[in-house]
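Here are the chains, one letter per residue:
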Amino acid sequence: MESSPSFSTSFSSPPSTNPIPNPNLDSQPRLTVTQLEQLKVEEKVAEIYRLLNGVSAHARSLMSELWCDKHVEFLTRGLKQLGPSYHVLDANRPWLCYWILHSIALLGEPLDTELENDVVDFLSRCEDEDGGYGGGPGQLPHLATTYAAVNTLVTLGSENALSSINRDNIYKFLLRMKDSSGAFRMHDAGEIDVRACYTAISVASILNILDYELVKDVGNYILRCQTYEGGISGEPGSEAHGGYTFCGLATMILINEADRLDLSSLLDWVAFRQGVECGFQGRTNKLVDGCYSFWQGGVLALMQRLLPIVAKQLTPSSVSGESSLGSTCNIKSSDLAGQGSGKLSDVSFSFIKRHTESGPLFHTIALQQYILLCSQVLEGGFKDKPGKQRDFYHTCYCLSGLSVSQYSWSKDAGACPLPTAILGPYSNLLEPIHPLHNVVLDKYYISHEFFSRS
Ligand SMILES: CC(C)=CCC/C(C)=C/CC/C(C)=C/COP(=O)(O)OP(=O)(O)O
Ligand SMILES: [Zn+2]
């Protein structure tokens, strides 16, 4: 054996170079590429956190400040003009709109009407005449960019933005993407995966066009993607990953079938993804990354609302209660038969005992610390981890994760958190999100009202 069992090889390390000799530890077990990277990241993060030692509470609060003005400046500049290096994202332009505009909305910053109308015009030019949005004008419609475009227009929230969406055509596009297995494909003749299922169901739900035809058998596909670890993979037989776990769980909640998952093993898997760096990793034995603050933090925010069902899966009569997800998720614990593996680790069990009544399922202050001290770029924007560059994707998902962690103690969706739930000054508080769609909650309510009318 090349390495000791406790240093098991990561799935994603390239076989040709893995494991490599560790020059610093000649007589020790040899470490894999990922293990060496992990040690470096831990050291960099520890160095940052050491700065907090021995300084006053005031200084610590300043070090944890969210630099709102800098972020708004970075985001607004990006919305107006991007440098040439962004050409690689030419097929993702609705995503850029969503990442930037959702981040601005989370920061509570209004957008000027001219800029807003420019975005609505641009997205209308990305809309295919047979339904769905492409990555840019004239590009083929794709489910991911359709999700990004719809979430952007919901985030803008004006009559002009919401009425620009052709719901009949989007419905036809979604039906065309539906596979006979029940799952969805990303585009005509494209790949089938959990992302496609989530983006289709999220769009249909938010636009109030979700029906039996779209829902039929999609839950069976998601069930096939829950792995032996408890998390959810992109397709059957692959590795559990935070991004897909969010997509899979949110889909199951939106179609009212969350109780079919083994929620106790899912909870165990996701709870263990928060590491010594205080942030989350995307999968077992991989590195921390700021974007998982939302993908994994969002899963835990959803799981918090499902705890009565987790407990019911374990012991059908132990806990009773209703899910609090609101109108899009009308799961009633009384509707659910006790099912699932019936096995729950001590960790999950004590979580449930402590948190069925209140309180988050992860260390929310620690996550805020990772986001604000390790991912935040003081000139504006957020990054994956120390040593990386800022980008709009990480800015969007670090801010979304920050919002989720700030509101995780709040009993009612969006209720103002206590100061003790916020790391740094209270002015760090972001807008709350709807955790199933990742749009700002107020914007969700406006669109819900708008699309309920027709
Ligand atoms: C709505 C929507 C489209 C959601 C997408 C969800 C999402 C983020 C999926 C993750 C995809 C994936 C396998 C990343 C692994 O990358 P990596 O190997 O570079 O990263 P890792 O080492 O952190 O796993
Ligand atoms: Zn990332």
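Computed from a predicted model, the values in this text were never measured in an experiment. Starting from 1, residues in each chain are numbered consecutively following that chain's sequence as written. Ligands are numbered from 1 and chains lettered from A, in the order in which they are written. The predicted origin of the model limits local features to residues at a pLDDT of at least 70 and limits the giving and counting of side-chain atom pairs to 80 or more, whereas totals for whole chains, interfaces and linings rest on all residues. Remark: hydrogens and water are excluded; side-chain values derive from all non-hydrogen atoms of the structure.

## Some words on the coordination of the zinc ion (ligand 2)
Part 1 of the argument: Coordination here is defined by N, O and S atoms within 2.8 Å of the metal (3.2 Å for Na, K and Ca), and since water is not considered, a site can look incomplete. Here the zinc ion (ligand 2) is held by Asp289 (OD), Asp289 (OD), Cys291 (SG) and His394 (NE2), and the distances to it run 2.1 to 2.6 Å.
Part 2 of the argument: A four-donor site is called tetrahedral if each angle lies between 85 and 135 degrees; a four-donor site is square planar, and a six-donor site octahedral, when trans pairs exceed 155 degrees and the remaining angles lie between 65 and 115; all other cases are labelled irregular. Taken together, the four donor atoms coordinating the zinc ion (ligand 2) span angles of 55 to 118 degrees at the metal, a pattern that classifies the geometry as irregular.
Part 3 of the argument: Binding-site remark: the zinc ion (ligand 2) is held by donors from one chain whose sequence spacing is D-x1-C-x102-H. The two residues aspartate 289 and cysteine 291 agree in class, both being buried. For every residue, the accessible area obtained with a 1.4 Å probe (protein chains only) is divided by the maximum for its type, and the residue is called buried under 20%, exposed over 50%, and partly exposed between those limits.

## Brief notes about the site of ligand 1
Part 1 of the argument: Throughout, near means a residue has at least one heavy atom within 4 Å of the molecule or strand. For ligand 1, the full set of nearby residues is Trp95, Arg195, Tyr198, His241, Gly243, Tyr244, Cys247, Arg283, Lys286, Tyr292, Trp295 and Tyr393.
Part 2 of the argument: Polar contacts here mean pairs of N or O atoms no more than 3.5 Å apart (in protein, one a potential hydrogen donor and the other a potential acceptor; neighbouring residues in sequence count only if both atoms are side-chain atoms). In the environment of ligand 1, an oxygen atom lies 2.6 Å from a nitrogen or oxygen atom belonging to the side chain of arginine 283.
Part 3 of the argument: Note that an oxygen atom of ligand 1 is positioned 2.6 Å from one of the side-chain N or O atoms of lysine 286.
Part 4 of the argument: Working definition: helices are DSSP H or I runs of at least four residues, strands are E runs of at least two. Numbering for both runs from the N terminus. Every element with two or more residues in the shell around ligand 1 is listed here: helix 9 (194-206), helix 12 (242-254) and helix 14 (292-314).
Part 5 of the argument: The leading source of residues in the shell around ligand 1 is helix 12, at three residues.

## A word on the confidence of the model for the chain
Part 1 of the argument: Residue-level confidence of the predictor is summarised by pLDDT, bounded by 0 at the bottom and 100 at the top. Scored by pLDDT, the chain has a mean of 88; 84% of the residues are at 70 or more.
Part 2 of the argument: Mean pLDDT values over the elements of the chain span from 56, in helix 15 (residues 346-355), up to 99, in helix 6 (residues 143-156).
Part 3 of the argument: Segment residues 1-17: pLDDT under 50, and 22 contacts once partners within four positions in sequence are set aside and those in other chains are kept.
Part 4 of the argument: Across residues 318-343 the pLDDT falls below 50, and counting only partners more than four positions away or on other chains, this stretch makes 54 contacts in the model.
Part 5 of the argument: Predicted complex, confidence summary: ipTM 0.98, pTM 0.88. By the convention used here, residues are in contact when the closest approach between their heavy atoms is within 4.5 Å.

## Regarding the packing of helix 6 against helix 8 (residues 167-177)
Part 1 of the argument: Remark: helix 6 packs on helix 8, axes separated minimally by 12 Å, with the N-to-C direction vectors making an angle of 150 degrees. Here helix 6 is positioned roughly antiparallel relative to helix 8, judged by the angle of their axes. Judged by the twist between their axes, the crossing of helix 6 over helix 8 is left-handed. On helix 8, the residues touching Leu143, Thr146 and Val150 of helix 6 are Ile170, Phe173, Leu174 and Met177.
Part 2 of the argument: Considering only residue class, the contact of helix 6 with helix 8 consists of six nonpolar, one polar and no charged. Angles shown run from 0 to 180 degrees and are taken between the N-to-C directions of axes, each axis being a line fitted to C-alpha atoms and, for helices, limited to the stretch in contact. Oblique is the label for any angle not covered by the other classes, which are roughly parallel (under 35 degrees), roughly antiparallel (over 145) and roughly perpendicular (65 to 115). A crossing counts as left-handed when the near helix is turned anticlockwise from the far one by less than a right angle, and as right-handed when that turn is clockwise. Residues were grouped as follows: Ala, Val, Leu, Ile, Met, Phe, Trp, Tyr, Cys and Pro as nonpolar; Asp, Glu, Lys and Arg as charged; and all remaining residues, including Gly, as polar.

## Notes on the packing of aromatic side chains
Part 1 of the argument: Here the aromatic set is Phe, Tyr and Trp, taking the six-membered ring for Trp, and pairing holds for ring centres within 6.5 Å; pairs whose planes are under 30 degrees apart are stacked, those over 60 apart are edge-to-face, and all others are tilted. Scanning the model with the defined rule gives 18 aromatic pairs in all.
Part 2 of the argument: Both rings, one in phenylalanine 450 and one in phenylalanine 451, keep their centres 5.1 Å apart while their planes meet at 90 degrees; by these two values the pair is edge-to-face. When sorted by exposure, phenylalanine 450 lands in the same class as phenylalanine 451, which is buried.

## Concerning the pattern of salt bridges
Part 1 of the argument: A pair is scored as a salt bridge if a Lys or Arg side-chain nitrogen falls within 4 Å of a carboxyl oxygen belonging to Asp or Glu. Under the criterion given, the structure shown has twelve salt bridges.
Part 2 of the argument: Note that glutamate 37 and lysine 40 form a salt bridge whose closest N and O atoms lie 3.3 Å from each other. Note that glutamate 37 and lysine 40 are positioned in helix 1 (residues 33-50) at a spacing of three residues, about one turn of the helix.
Part 3 of the argument: In this structure, arginine 77 and glutamate 73 form a salt bridge, with 3.9 Å as the shortest nitrogen-oxygen distance. Placement of the pair is arginine 77 and glutamate 73 together in helix 3 (residues 68-80), with a separation of four residues, close to one helical turn.
Part 4 of the argument: Residue arginine 77 is classed as partly exposed on the basis of its relative accessible area of 45%.
Part 5 of the argument: For glutamate 73, a relative accessible area of 44% gives the class partly exposed.
Part 6 of the argument: One salt-bridge network, held together by shared partners, links Glu191, Asp193 and Arg195.

## Digging into the nonpolar core
Part 1 of the argument: Buried Ala, Val, Leu, Ile, Met, Phe, Trp, Tyr and Cys residues form a nonpolar core when they are joined through side-chain atoms within 4.5 Å. Among the nonpolar cores identified, the biggest contains 124 residues, and Leu174, Phe184, Leu249 and Met303 are the most heavily contacted of them.
Part 2 of the argument: Element by element, the count of residues in this core is highest for helix 14, at twelve residues.

## Points about helix 1
Part 1 of the argument: Look at helix 1: 26 Å from first C-alpha to last across 18 residues, which is about the 26 Å you get at 1.5 Å a residue.
Part 2 of the argument: The set of residues buried in helix 1 consists of Thr34, Gln35, Leu36, Gln38, Val41, Val45 and Tyr49.
Part 3 of the argument: Looking at the packing, one finds that the buried side of helix 1 touches helix 16 (364-375). Expected helix span is given by 1.5 Å per residue-to-residue step, counting one fewer step than there are residues.

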